[in-house]
Amino acid sequence: MSSEPPVRVGLRVNDVTAAATLYETLGFVPVGTVPGADGGVVMAILRRGPLQLLVDALVGMPFPDSPRERQTKAGPRGLGVVIGLEVDDVDETARQCRVAGCVITSAPADAPWGERYAELEDPYGYAWKLFQSTGSSDDGMQAAHDAWFTETRS
């Protein structure tokens, strides 16, 4: 086995440096950058535990022209994908993300399945779910089902 993290996620963004700075707010640690032909950063590599985050430029990377590449550039990026990330303090991390330009789509709240969470969209179109355990010993699967599908009766 190599010393490389076992999980890699690539995100395409219009400003690699700004995105890398935002993702550092989420606890990612910079590993390195790759300069483009013009000297600007076209890739930033960050790590957080077993995850390596590759932040690639939308323009300037030598990706082959293809239908998928044209769709990626046109956007929306990340549609249908939510990146879940455990943090020490959901409220503070959500506040920092809001200051950094993220849109909070679900304010910090306690869920019946034993976590505090918040959901946000970053300036690059990616959805994130921040969460921390509340130590509840409830059956999380049943609590999720009940919260989503049980009608309240008066």
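Residues numbered from 1 in each chain as written. Predicted model: local features only at pLDDT ≥ 70, side-chain atom pairs only at ≥ 80, totals over all residues. Heavy atoms only, no water.

A look at the packing of aromatic side chains
- Scanning the model with the defined rule gives four aromatic pairs in all.
- Measuring from centroid to centroid gives 5.4 Å for Y23 and W128, while their planes differ by 40°, and the two rings are tilted. Of this pair, Y23 sits in helix α1 (residues 16-25) while W128 sits in strand β8 (residues 127-133), and the two are 105 residues apart along the sequence. Assigned by exposure class, Y23 and W128 land together as buried.
- Plain terms: the ring middles of F28 and W128 are 6.3 Å apart, the flat faces sit at 70° to each other, and that makes the pair edge-to-face. In this pair, F28 is assigned in the loop between α1 and β2 (29-35) and W128 in strand β8, connecting sequence segments 100 residues apart. Exposure class is identical for F28 and W128. Each is buried.
- Members of the aromatic cluster, joined through ring pairs, are Y23, F28, Y124 and W128.
- Across from the ring centre of Y117, 5.1 Å away, lies the NZ or CZ of K129, which sits over that ring. (Phe/Tyr/Trp six-rings, centres within 6.5 Å; stacked < 30°, edge-to-face > 60°. Helix = DSSP H or I, 4+ residues; strand = E, 2+ residues; numbered from the N terminus. Buried < 20%, exposed > 50% of the residue type's maximum accessible area, 1.4 Å probe, protein only. Lys NZ or Arg CZ within 6 Å of the ring centre and 35° of its normal.)

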